[in-house]
Structures are given as C-alpha cells and as structure tokens.
Amino acid sequence: MLTWAPIIPLIGGMPLSMHKVFGTMPEYVLSWSAFQWNDQHFVNYIRNNGWSGKYYVLDGEEKSVIPDITTDLTDIPHVDVVCGTPPCAGLSSLSRASNADSPINDWMVKATEFVLEHIQPKIYWFENAPRLGSKSGTKVADKIRNIGKKNGYTFLIYTTQSRYHGNPQIRPRTFGFLFNTKYFGPHIRKLRDIPFSVGTLENWMTEIDDWVDKNTDGTSQMDMPINLQ
C-alpha cells in the first residue's frame, strides 16, 4: 500500500483527490505557519473524519491557528508520494505582480527543496499556474529542475485545462512531477494525453448528486462544518 502526505494543502482539493485515489488518509500534513489559515479547512475536515496524524509547521512557529500543531521535525517519516499546492499568484496571469522573480514563487522552490531533501519520496507532484509550463516560467522551472537533479530526481511538466477532462470549466493549470531515479531510472517518458471528453454543467452536477446519494447519508462535503475548533 502506498503512503502519502500533502505539503501546503491549502483548502485541500489536491489532497482530497489523493485520498480518493489511494483510499487512505495522509500519514501527516506539512506546511508553514503562513498557511495555517488556509490549511485549517482541510486539516479540520480530515480530523472530523477520524484522522489522528500530525500537522507539521516547518518554520517552528509556535503560534497556532490549527490546534495541536507539531514543530519538532526530527521524526518526519518517509512516504511514497507527496503532493503540493504552493501559492500560484507568482506566475498567475490574474496577478499584477506576476513574474518569474516574484517572491511568491519561492514557496514552490522551498517546498520542493524540503520534500526532496528530507522526505525523499518516490514521487513529488504539485500544482501551479499555467505559466510555469511556458517561457515566462522558465526561470522558476529551471530552479526546480536543478533542485531535482541535485537530489536524484527527474522533472516533468504537464500543462492542461480542466475542460479537456469532462469538467465544464475553463481552468488551465500546470502540474510538476519529480520522479526519484532510484525507483524510475534516469529518464521518464512523456505522459500520454488523457483522452479528451466533453461534459456539461447539468451532467456534472447530476453525477455529483448521484455520488453523494450513493456514498453518503445524503450530506455532501459542502454541507459539513469544517472550521469548528
């Protein structure tokens, strides 16, 4: 069974997809104090659903927005896969401060460094703005590639849009994948294109309703209080 953990989970969309794929809760959650207000939604949700793992604050900040944080970093165990959601405003086309030298991009680099140097998973993958996969994001992508090379990882970028995968929303994103060469060798094949599919909002919402009826007591995740301390 593969083990996994998120770093900077924020609202929790990517970790919830990991939970759905692997069928298990995360071993732990990694983040920095700057993101506790965002992370609390995901952490409180999984705690309310039986999770008893540790929430590590990597900068040792004792002030806690989320109860029962852990600042002792001496016992972070290895996991097979780490997923990350570092802030994307540094390369977002919607941000007036968007450029490759934006300090916001440092979180993407900082998360990559920590994961590869201290956790050393088989795979680290993260989501960011589409510009990471374009010429304007080359400087940031090169930094990540160099961190990967230093730690024995190969780097692959995959840029796509949600509308290509049956979701009735035009949301372009870039996903970065770092593969540990101990497990995958020095070369990674390009990802095959995911088959194009067309969806409508009506069909999508109907599928969600059907899933809720089949898998819950009729209460969707959006109806559950997740901010209770």
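Cut-offs applied
Residues numbered from 1 in each chain as written. Predicted model: local features only at pLDDT ≥ 70, side-chain atom pairs only at ≥ 80, totals over all residues. Heavy atoms only, no water. Buried < 20%, exposed > 50% of the residue type's maximum accessible area, 1.4 Å probe, protein only. Helix = DSSP H or I, 4+ residues; strand = E, 2+ residues; numbered from the N terminus. Pairing = 2+ DSSP bridges. Right-handed = clockwise from strand over helix to strand, strands pointing away. Phe/Tyr/Trp six-rings, centres within 6.5 Å; stacked < 30°, edge-to-face > 60°. Lys NZ or Arg CZ within 6 Å of the ring centre and 35° of its normal. Salt bridge = Lys/Arg side-chain N within 4 Å of Asp/Glu carboxyl O. Contact = heavy atoms within 4.5 Å. Expected span 1.5 Å × (residues − 1). Polar contact = N/O pair within 3.5 Å; in protein donor to acceptor, adjacent residues only side chain to side chain.

Chemist: Outline the pairing of strand S2 (residues 28–31), supporting the account with residue identities and numerical values.
Modeler: Across the two faces of S2 the burial is the same, with Tyr 28 and Leu 30 and Val 29 and Ser 31 all buried. Strand direction decides the pairing type here: S2 and strand S3 (residues 54–57), joined by 4 bridges, are parallel. Of the residues in S3, the one forming a bridge with Tyr 28 is Lys 54. At this point the chain moves from S2, through helix H2 (residues 36–48), to the parallel S3, and the crossover so formed is right-handed.

Chemist: How would you explain the packing of aromatic side chains if you had to name every residue and give the values?
Modeler: On inspection of all chains with the given rule, the structure shows 9 aromatic pairs. Here Tyr 28 and Tyr 56 contribute two aromatic rings whose centre-to-centre distance is 5.6 Å and whose plane-to-plane angle is 90°, an arrangement assigned as edge-to-face. Linking Tyr 28 in strand S2 with Tyr 56 in strand S3, this pair joins segments that are 28 residues apart in sequence. You'll find Tyr 28 and Tyr 56 in the same group, each marked buried. By way of ring pairs, the aromatic residues Trp 125, Phe 175, Phe 177, Phe 179 and Phe 184 are connected into one cluster. Note that Lys 122 overlies the ring of Tyr 183, its terminal NZ or CZ placed 4.7 Å from the centroid.

Chemist: Quick one: what's the story with the pattern of salt bridges, residue by residue and with numbers?
Modeler: The tally for this structure, following the rule as stated, stands at 4 salt bridges. The partner of Lys 150 in a salt bridge is Glu 117, with the nearest N and O atoms 4.0 Å apart. Pair noted here: Lys 150 is in helix H4 (residues 138–150) and Glu 117 is in helix H3 (residues 106–119), with a separation of 33 residues, a long-range link. Classification of Lys 150 by relative accessible area gives exposed; the value is 67%. Residue Glu 117 is classed as partly exposed on the basis of its relative accessible area of 35%. Here Arg 145 makes a salt bridge to Asp 142, at a shortest N to O gap of 2.5 Å. Residue Arg 145 and its partner Asp 142 are located together in helix H4, separated by 3 residues, close to a single helical turn. Its relative accessible area of 38% is what places Arg 145 among the partly exposed residues. Under the relative-accessibility criterion, Asp 142 is labelled partly exposed at 32%.

Chemist: Describe the side chain of Thr 24, with residues and values.
Modeler: Tracing the sequence through the fold places Thr 24 in the loop between helix H1 (13–22) and S2. Residue contacts for Thr 24: discarding those within four places in its chain leaves Met 1, Leu 2, Trp 4 and His 19.

Chemist: Could you give me a rundown of the environment of Asn 44, with the residues and numbers involved?
Modeler: Locating Asn 44 in the fold gives a position in helix H2. On the accessibility criterion, Asn 44 (5% relative accessible area) is buried. The spatial distance from the C-alpha of Asn 44 to the C-alpha of Pro 67 is 9.3 Å, given a sequence separation of 23 residues.

Chemist: Describe H2, naming the residues involved and giving the relevant values.
Modeler: With 13 residues, H2 should reach 18 Å at 1.5 Å per residue; the first-to-last C-alpha distance of 17 Å fits that figure. Taken together, the buried positions of H2 are Gln 36, Asp 39, Gln 40, Phe 42, Val 43, Asn 44, Tyr 45 and Ile 46. On the buried face of H2, the contacting elements are strand S1 (4–7), H1, S2, S3 and strand S4 (69–70). Of the residues one or two after H2, Gly 50 is the one with positive phi, at around 100°.

Chemist: Talk me through the pairing of strand S6 (residues 123–128); I want residue IDs and the actual numbers.
Modeler: Burial within S6 is extensive, with 6 of its 6 residues counted as buried. Because side chains alternate across S6, one face comprises the buried residues Ile 123, Trp 125 and Glu 127, and the other comprises Tyr 124, Phe 126 and Asn 128, equally buried. Across 4 bridges, the pairing between strand S5 (residues 81–84) and S6 is parallel. In the strand pairing of S6, Val 82 is matched with Tyr 124.

Chemist: How would you summarise the side chain of Gln 40 if you had to cite specific residues and measurements?
Modeler: Summarising the element assignment, Gln 40 is placed in helix H2. Judged by its relative accessible area of 9%, Gln 40 is buried. Only 3.2 Å separates the side chain of Gln 40 from the backbone oxygen of Trp 37, close enough to count as a polar contact.

Fair warning: the whole summary comes from geometry, so function is off the table for now.
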